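Working through the structure, step by step
One letter stands for each residue in the lines below.
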Amino acid sequence: MNDILTRSLVSSRTFKPETLTALLVLLGAVLMMLAMKVLNPGFGSVQQIAAILTTSIFLVVAAYGQGLVILLGGIDLSIGVVMSIAGMMIAGLTNGSNEALTWALPVTLISCTAIGLLNGLGVAFLKIPPFIMTLANGTAFFGVALGITAGSSQRTVAPALQVLMSAQIGGIPVPIVLIGWFLVAGSVLQSRTTEGRKIYAIGSSLAAARVAGLPIEALTIAAYGVSGLCAAIAGLLLAGYSSSATLDMGDPFLMPTIAAVVIGGACVTGGRGLYFGTFAGAIFLSALSTIITVLSLSQGWRNIIQGGIIIIALILQTKQWYLLSIVNRQLPGKQSLDGVLPQNSEV
Amino acid sequence: MTTFQWLVTVAAVCTLIAPEGRLYAQNEQKYKVFLDMSYSGNTWQAAAANGIKALAATPPYDKMIEFKTIISGTDVQRQISDIQSMIAAGAKAIILYPLSPTALNRVIHQACSKGIVVFTYDSTVTEPLAYNVSNITARYGANTAQWMVNKLGGKGEIIFNHGVAGTAVTKTYDEQAYAIFKKYPGIKIVGDFYGNWNDATSQEEVSKILAAHPNVDGIWTVDGTYGSLQAVVQNRPNRLVVIAGQSNNGYRLMMADPALQAKGLQGISSSAGPAVGGYAFKVMMEVLLSKKKLTNHNVEYPLPWVEAKDIKMCSGDRFEGGCNVFPEGRVPPLFLDTALDPKFLPELSLDAVQTGNPAAGAMIQPLPDPKYADNLPGINCQECKAPADALEPNLVSPIPVAK
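First, a word on scope: everything that follows refers to the structure included in this document.

Cut-offs applied
Residues numbered from 1 in each chain as written. Chains lettered and ligands numbered in written order. Predicted model: local features only at pLDDT ≥ 70, side-chain atom pairs only at ≥ 80, totals over all residues. Heavy atoms only, no water. Helix = DSSP H or I, 4+ residues; strand = E, 2+ residues; numbered from the N terminus. Buried < 20%, exposed > 50% of the residue type's maximum accessible area, 1.4 Å probe, protein only. Contact = heavy atoms within 4.5 Å. Areas by Shrake-Rupley, 256 points an atom, 1.4 Å probe, with all protein chains shown as cover. Buried area = accessible area lost by both parts, 1.4 Å probe. Salt bridge = Lys/Arg side-chain N within 4 Å of Asp/Glu carboxyl O. Polar contact = N/O pair within 3.5 Å; in protein donor to acceptor, adjacent residues only side chain to side chain. Pairing = 2+ DSSP bridges. Right-handed = clockwise from strand over helix to strand, strands pointing away. Patch = residues over 30% accessible without salt bridge, like charges linked within 9 Å, V, L, I, M, F, W, Y side chains within 5 Å. Axes fitted to C-alpha atoms, helices over the stretch in contact; angles between N-to-C directions. Parallel < 35°, antiparallel > 145°, perpendicular 65-115°, else oblique. Left-handed = near helix turned anticlockwise from the far one by under 90°. Expected span 1.5 Å × (residues − 1).

**With respect to the overall build of chain A**
- Assigned secondary structure in chain A consists of 14 helices and 2 strands.
- Evaluated residue by residue, chain A yields a buried proportion of 53% over its 347 residues.
- Within chain A, contacts between residues separated by at least 24 positions form 76% of all contacts whose residues are at least 6 apart in sequence.
- Accessible area of chain A: about 14,500 Å², with a carbon and sulfur share of 72%.

**Section: the interface of chain B and chain A**
- In this complex, chain B contributes 37 residues to the contact, which on the side of chain A involves 41 residues.
- Here chain B and chain A share an interface that buries about 3,000 Å² over both sides, 52% of which is from carbon and sulfur atoms.
- Its largest share of buried area at the contact with chain A, chain B owes to Glu204(B), Lys208(B) and Ala211(B), together 18% of the area lost on that side.
- Counting across the interface, chain B meets chain A through 1 salt bridge.
- A salt bridge links Asp192(B) to Arg302(A); its shortest N-O distance comes to 3.4 Å.
- Counting every contact that joins chain B to chain A gives 5 residue pairs in polar contact (both at pLDDT 80 or more).

**A word on the pairing of strand E4 (residues 117-121) of chain B**
Residue and element names in this part refer to chain B.
- Among the 5 residues of E4, 5 are classified as buried, and the element is accordingly described as predominantly covered.
- Taking every second residue as pointing to the same face, both faces of E4 are buried, with Val-117, Phe-119 and Tyr-121 on one and Val-118 and Thr-120 on the other.
- Of the pairings in the sheet, the one linking strand E3 (residues 93-96) to E4 comprises 4 bridges and is parallel in character. Across the sheet, residue Ile-94 finds its bridge partner in E4, namely Val-118.
- A crossover connection joins E3 to the parallel E4 through helix H5 (residues 105-113); in handedness this β-α-β unit is right-handed.

**Notes on a nonpolar patch on the surface**
Residue and element names in this part refer to chain A.
- There is a patch of nonpolar side chains on the surface, built from Leu-24, Leu-27, Val-30, Leu-31 and Leu-34 and spanning about 480 Å² of accessible area.
- Relative to the assigned elements, Leu-34 resides in helix H2 (residues 17-39).
- Leu-34 sits in the partly exposed class, given a relative accessible area of 49%.

**Some remarks on the packing of helix H3 (residues 46-71) of chain A against helix H8 (residues 174-192) of chain A**
Residue and element names in this part refer to chain A.
- The contact between H3 and H8 brings their axes to 9 Å, and the two run at 20°. With respect to H8, the element H3 is oriented roughly parallel. When you trace H3 past H8, the crossing you get is left-handed. Contact residues: Ala-50, Leu-53, Thr-54, Ser-56, Ile-57, Val-60, Val-61, Tyr-64, Leu-68 and Leu-71 in H3; Pro-175, Ile-176, Leu-178, Ile-179, Phe-182, Gly-186, Leu-189 and Gln-190 in H8.

**A look at helix H6 (residues 140-152) of chain B**
Residues and elements named next belong to chain B.
- For H6, with 13 residues, the first-to-last C-alpha span of 18 Å sits near the 18 Å given by 1.5 Å per residue.
- Burial analysis of H6 places 11 of its 13 residues in the buried class, the great majority of the element.
- Burial in H6 covers these residues: Tyr-140, Gly-141, Ala-142, Asn-143, Thr-144, Ala-145, Gln-146, Trp-147, Met-148, Val-149 and Leu-152.
- One or two steps after H6, the chain reaches Gly-153, where phi turns positive at roughly 65°.

**Examining the sheet that holds strand E2 (residues 65-71) of chain B**
Residues and elements named next belong to chain B.
- Overall, mixed pairing links the 7 strands, which are arranged E2-E1-E3-E4-E5-E11-E13 in an open sheet. Edge strands, defined here as strands with exactly one partner in the open sheet, are E2 and strand E13 (371-372).
- Judged from the 3 bridges that link them, strand E5 (residues 131-134) and strand E11 (residues 298-300) form a sheet pairing that is parallel. In the sheet register, Asn-132 faces E11, and the bridge partner there is Asn-298.
- Helix H4 (residues 76-88) contacts strand E1 (31-37), E2 and E3 of the sheet and is inclined by roughly 175° relative to E1.

See the structure below:
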């Protein structure tokens, strides 16, 4: 019964307008890389592009959780803190030993997932607005971490994690392989499972989802839990990458996770968005920050560009449907974009 | 509640109150000294504050002062109100990490007018009644940039890793370093970014620049040095760089590693050390106890300056016999070796700067006369002039500019 209702709430077309947005965003990233090639002819080797992709893994992973929560109509402002806590925990618990990883890894992942679940509980049952719940919860746990560590940096991270971030499989850096797996697994979980589709339904219309009898509370808690888990994985990878951990190392990632989701074409009020879009957004942001760095812009310009891109993405998003309908009307081969047009009643 | 539970509660409350009451009775003759620190979530701030706390608990100061730490975070308004509370609480001395060179002037003036001794550490204020203890005047930017230029022979591609945008330190050092690099037409800055004194951020950004500019020869940093170097080791392991920056233990170990040197690594370990906090505290205590009279309100803490050839491994938990780095695994790689200072702060041990507890058996040692600092308008004085050569190096002799 539930499934039938879910399907009626959410169409299951294969090609969505979000896919087009995501492809355009990826194209933008490629264009920026090409521009870099023009600026600097020495750029462009596979190894160099791999290095840029490697640095995007933290965002690709952390933004998945953010995307899921935004899909529900929420937001997770604790991601930066959870990333730092995960890094600090894995460094503190393993203390440079691989043997300790066998228990330190699950302990870290479970603890950080618990922070996420707590966010979900507050949002689902106490009805606390997500931004307040996640910000307050993140701040509180930052306090706990600060109390335990007194702010000092941690011992070296287990060598296995460091190797993971620098090793190669068949000439391809492991982080890039991981990005590939994560993209497939994340997309399947979000768009191809019943639970994933239910999250779309809840985000599209909470009232309708309630009428349909969807497990709103359980899914909300689960989504925030997944966000905590993703932030934890991103934190582990970051600690492995930089072979050490500090309490502020996750902070620079919070805003970009939201930006990646928005640029990737997701609707900030929920109900629409693909992980492929978020992924494209993350790659785009990595390419953008590379080109900004290479152009040696002042910090003011960097902030203007990064803030501006988010606003432009939001404007484009609200105009997207309108523009597409105009294009569609004017094109002689009208059918070509039919699949792109929205068919959902709630749009 | 049962009668028993009541009794237990009352007993618990009494045990909590009683020693406090006694403490206050004893403390009436003690000097009230406050540490107002900024953000406590980073390695540098934590090490500086621990050094100060450990010294405050080292005899004879442990019996002479009532010491309290306040964390003002990163909000300057909060710091102003915290200082006001300290004045109201009867502070005799305040040592603080100021969040702005000018915004605190009024409240500091207010404190000084009431006879409170106010010292800043590392960052400075322009209020003339406050004492600044810092090495912001020690020309880190000019000296390290010149050192790099000399090592590079006046030519090469370099990456410029700024600190935190908008801070006095970043502005001052950047200006000096740029002035030096600009003199040499062979030096080309191919990428710059705000690493925010953060190693993970620096590592990511350097990786990206290396992708676009594979022939980078040098990296100038203020902090985030270890992360910057890690990026080169990972992306270009067989050709390393000339690099200037912090004193992280992991970085010093890499600098001194012959295998890395053979691949071209040349490093200088300098920048601001957390020991400036402990040093400022000791100067402040000597002023408070009238053991020292300062003729100038700006004191310069010497710029740490350690080259690869100067690096010497320590076996114990102090910098003794000229040693200045700990073995790998003894401390975290990001541990700042300049948290310790055998010359000015012999009281501190490794444990002291990591925990804030005093080292066993330590006694406060008197300080030599301080070195006074240059004026830097807007940094440590208001209506004043910087020395004519403020942008020139004073620890390194420049090589001639190639024609």
